[in-house]
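Understanding the architecture of this molecule
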Amino acid sequence: VDFMDQGKAKASDSPARKIKEQPLVAVVMGSDSDLPVLRPGLAILDKFSIPYTTRITSAHRTPTWMAEYATAAADNGIKTIIAAAGGAAHLPGMAAAHTPLPVIGIPVKPTIGDGTDSLLSICNMPKGVPVATVSVNNSINAALLAARILGSSDAAVRERVEQYMRDSEKEVREKDRRLEE
Ligand code: RP5
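Residues numbered from 1 in each chain as written. Predicted model: local features only at pLDDT ≥ 70, side-chain atom pairs only at ≥ 80, totals over all residues.

Labelled according to an unreviewed UniProt entry, the chain appears under the name Phosphoribosylaminoimidazole carboxylase, originating from Cladosporium halotolerans.

Structure below.
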């Protein structure tokens, strides 16, 4: 799969790029069919200049590889894991079971149903193994949450989060102003 090991990805279907710097976020997915859902979030990580890597680590089809990857992530310099999966959606929870790093789960809407099953699979973790869960297909919030986690100890990233918040406020205020026109 040509996007594996890329250091950056664009919201559009871009060709693979080699990692140029130490990735801080690992974006793992159960299948390459999850990638379109992830692209808006990857675009946020790009916008914030947060280095990341994307990997397919299926909890079902590649269980040993999935466990090895999550287990080694912290020692490999990863600070936060974003894990996307649909349907039974075990990947975020299984990743969290193998790492002390914060794991953010993205429920992916499967071909059957509205994604509620993915959402419940990910957020209903038994106590002791937390997964921070965003709404169905919401890779943007997953990326923003990863940025906030990194920003708590990185002033440059925190400033980009604050700028994003200012920009969002400005955009909504502008829309509000236009309603009067
Ligand atoms: C999950 O099953 C993946 O995360 C994906 O969302 C879903 C379907 O995978 P494919 O059958 O499209 O590979 O493991």
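There is more to say, and it comes next.
**Overview of the environment of E159**
Condition: We count a stretch as a helix when DSSP gives it H or I for four or more residues in a row; a strand needs E for two or more, and each element gets its number in order from the N terminus.
The residue E159 is located in helix α6 (residues 155–179) in this model. As a C-alpha pair, E159 and P130 span 29 residues in sequence and 27 Å in three-dimensional space.

**What about the packing of helix α1 (residues 35–47) against helix α5 (residues 139–151)?**
In plain terms, the rule: Geometry is summarised by axes, namely lines fitted to C-alpha atoms with helices restricted to the contacting stretch, and by angles between N-to-C directions that run from 0 to 180 degrees. Comment on the angle field: the value is read as roughly parallel under 35 degrees, roughly antiparallel over 145, roughly perpendicular from 65 to 115, and oblique elsewhere. Handedness of each helix crossing follows the sense of rotation of the near helix against the far helix: counterclockwise by less than a right angle gives left-handed, clockwise gives right-handed. Any pair of residues counts as being in contact when their C-beta atoms, constructed from backbone geometry, are within 7 Å of one another. Any residue outside Ala, Val, Leu, Ile, Met, Phe, Trp, Tyr, Cys, Pro, Asp, Glu, Lys and Arg is labelled polar, Gly included; the first ten of those are nonpolar and the last four are charged.
Where α1 meets α5, the closest approach of the two axes is 7 Å, and the angle between their N-to-C directions is 30°. The pairing of α1 with α5 is recorded here as roughly parallel in orientation. The way α1 lies across α5 gives a crossing that is right-handed. The segment α1 lies against α5, with V37, L38, P40, G41, I44 and L45 engaging S139, I140, A142, A143 and L144. Within the contact of α1 with α5, the residues separate by chemical class into nine nonpolar, two polar and no charged.

**Observations regarding α6**
Inclusion rule: Expected helix span is computed as 1.5 Å times (number of residues minus one). Counting other C-beta atoms within 10 Å of its own, a residue is labelled buried from 20 upward, exposed at 12 or fewer, and partly exposed in the gap between, with every C-beta atom placed from the backbone.
If you check α6, its first and last C-alpha atoms are 36 Å apart, about what 25 residues at 1.5 Å a residue would give, namely 36 Å. Among the 25 residues of α6, one are classified as buried, and the element is accordingly described as predominantly exposed.

**Digging into unusual backbone geometry**
A positive phi is found at S49, a non-glycine position, where the angle reads about 55°. Among the secondary structure elements, S49 is positioned in the loop between α1 and β2 (52–56). Residues other than glycine seldom take positive phi values, yet A89 does so here, at roughly 55°. Here A89 shows up in the loop between β3 (80–86) and α3 (91–97).

**Brief notes about the sheet that holds strand β1 (residues 25–29)**
Note the cut-off: By this definition, two strands are paired if DSSP reports at least two bridges between them.
In space, the five strands of this open sheet follow the order β2-β1-β3-β4-β5, with parallel pairing throughout. Both outer strands of the open sheet, β2 and β5 (132–133), are each paired with one neighbouring strand and no more. Strand direction decides the pairing type here: β1 and β3, joined by five bridges, are parallel. For V25, the partnering residue across the bridge sits in β3 and is T80. Strands in contact with α5 are β1, β3, β4 (103–108) and β5; relative to β3, the strand with the most contacts, it is inclined by about 165°.

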